[in-house]
Amino acid sequence: MEPVRRKALVDAALRVIGDHGSLAVTMSDIARQAGVSPALAHHYFGSKEQLLIETIRSLLRQLRSDTVAALKAARTPRARLSAVIRVSFHADQFAPETIAAWLAFYAEAQRSEETRRFLVIYARRLRSNLLADLKVLLPADAAERIAEGAAAMIDGLYIRQSLKSAPIGIEASIALTEDYLNALLATASPSARSEKGRPNRTTQGQMT
């Protein structure tokens, strides 16, 4: 039962953090949400801090798993770029509690070096996944610039989901990012957009 209970506690932590909108939650809050005793939660994780670290690890693992699967299904560099964009706005990532948890972790990163390290890992993965296929389509300097811009746009649109008074939907966020990418690809290399339907084996085996 240990793996099941550990996952239940991580899922509960995500929900409780989302409800509170911050990491100012207690192990008792999380244990109650998971339907277990605080003593059992401490037994599995030792402290609230360790449980919170495992929660952000879980978010990163899920995002990485979704990205790997999406990239394997895409057959061209341009299609792989679209796959990265779509995964970034996946419905699971857009769940209100998940958005609130990510924002809470970003706030915590100003105080916690370990939390900051995990968020840096996320940022580097996103940039690397975009850059790998942009370099196939464009000169290196243009690829670097567009990768930075696309990553910033993805993060910015995601953060705007926290503005419940004016949220942007999943498909609208994807469309805005695709429009941005198409415009810059057309400017940097008029032939780049036509690559979307052309298989390219040079992208096989890239890191995700």
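Here is a short report on the structure shown in this document. This structure is a prediction, so every number in the text was calculated from the model and none was measured.

Going through the model one piece at a time under the given rule, you end up with three aromatic pairs. Aromatic pair F94 and Y158: ring centres 5.7 Å apart, planes at 65°, arrangement edge-to-face. Taken as a pair, F94 in the loop between α5 (77–88) and α6 (96–108) and Y158 in helix α8 (residues 140–160) lie far apart in primary sequence, 64 residues in all. Of the two residues, F94 and Y158, both sit in the buried class.

We now examine helix α3 (residues 38–45). Each turn of an α-helix holds 3.6 residues, which means side chains three or four residues apart point in the same direction. Residues of α3 that are buried: A41, Y44 and F45. Take α3 and look down its axis: the buried residues cluster within an arc of 80°, on one side only. Exposed and facing more than 90 degrees away from the buried side of α3 are A39 and H43. Packed against the buried residues of α3 are α1 (2–20), α2 (27–34) and α4 (48–73). In the segment just after α3, G46 is the residue with positive phi, at about 85°.

As a further point, take the pattern of salt bridges. This model, assessed by the stated rule, comprises twelve salt bridges. A salt bridge links E54 to R61, with the nearest nitrogen and oxygen atoms 2.6 Å apart. A residue is classified by how much of its surface remains accessible, and R61, at 47% relative accessible area, is partly exposed. Of the charged contacts, one joins R111 and E108 as a salt bridge, the two residues approaching to 3.0 Å between their closest N and O atoms. Among the residues examined, R111 registers a relative accessible area of 63% and is labelled exposed. Note on E108: relative accessible area 21%, which makes it partly exposed. Several salt bridges share partner residues, and in doing so they unite E54, R57 and R61 into one network.

Counting 60 residues, the largest nonpolar core has I17, I30, L51, F105, L130, L134 and L138 as the members making the most contacts within it. Here this core takes nine residues from α8, the largest share from any one element. When neighbours within four sequence positions are excluded, L130 is seen to be in contact with L81, V84, A147, A150 and A151.

Between its first and last C-alpha atoms helix α7 (residues 113–137) spans 36 Å; for 25 residues at 1.5 Å apiece the expected length is 36 Å, and the two agree. Within the span of α7, buried status applies to T115, F118, L119, Y122, L126, N129, L130, L131, D133, L134 and L137. Turning to α7, the residues buried within the fold contact α4, α5, α6, α8 and α9 (170–188).

Glancing now at the layout of surface pockets. When its volume is computed, the largest pocket comes out at roughly 430 Å³. Looking at the lining of the largest pocket, the elements with two or more residues in it are α1, α4 and α6. Here the residues of the lining of the largest pocket are counted per class, giving six nonpolar, five polar and eight charged.

Moving on: the packing of α5 against α7. The contact between α5 and α7 brings their axes to 8 Å, and the two run at 160°. One element, α5, and the other, α7, form an angle in the roughly antiparallel class. Crossing angle aside, the handedness with which α5 passes α7 is left-handed. From α5, P77, R78, R80, L81, V84 and S88 reach across to α7, where they touch L126, N129, L130, D133, L134, V136 and L137. Split into classes, the residues belonging to the contact of α5 with α7 amount to eight nonpolar, two polar and three charged.

Cut-offs applied
- Residues numbered from 1 in each chain as written.
- Predicted model: local features only at pLDDT ≥ 70, side-chain atom pairs only at ≥ 80, totals over all residues.
- Heavy atoms only, no water.
- Phe/Tyr/Trp six-rings, centres within 6.5 Å; stacked < 30°, edge-to-face > 60°.
- Helix = DSSP H or I, 4+ residues; strand = E, 2+ residues; numbered from the N terminus.
- Buried < 20%, exposed > 50% of the residue type's maximum accessible area, 1.4 Å probe, protein only.
- Arc of directions from axis to C-beta.
- Contact = heavy atoms within 4.5 Å.
- Salt bridge = Lys/Arg side-chain N within 4 Å of Asp/Glu carboxyl O.
- Core = buried A, V, L, I, M, F, W, Y, C linked by side-chain atoms within 4.5 Å.
- Expected span 1.5 Å × (residues − 1).
- 1 Å grid on protein atoms, 1.4 Å probe; cavity = no way out; pocket = protein on both sides within 12 Å on 5 of 7 lines; lining within 4 Å.
- Points joined across faces, edges and corners; volume = space filled by probe spheres on them.
- Nonpolar A, V, L, I, M, F, W, Y, C, P; charged D, E, K, R; others polar.
- Axes fitted to C-alpha atoms, helices over the stretch in contact; angles between N-to-C directions.
- Parallel < 35°, antiparallel > 145°, perpendicular 65-115°, else oblique.
- Left-handed = near helix turned anticlockwise from the far one by under 90°.

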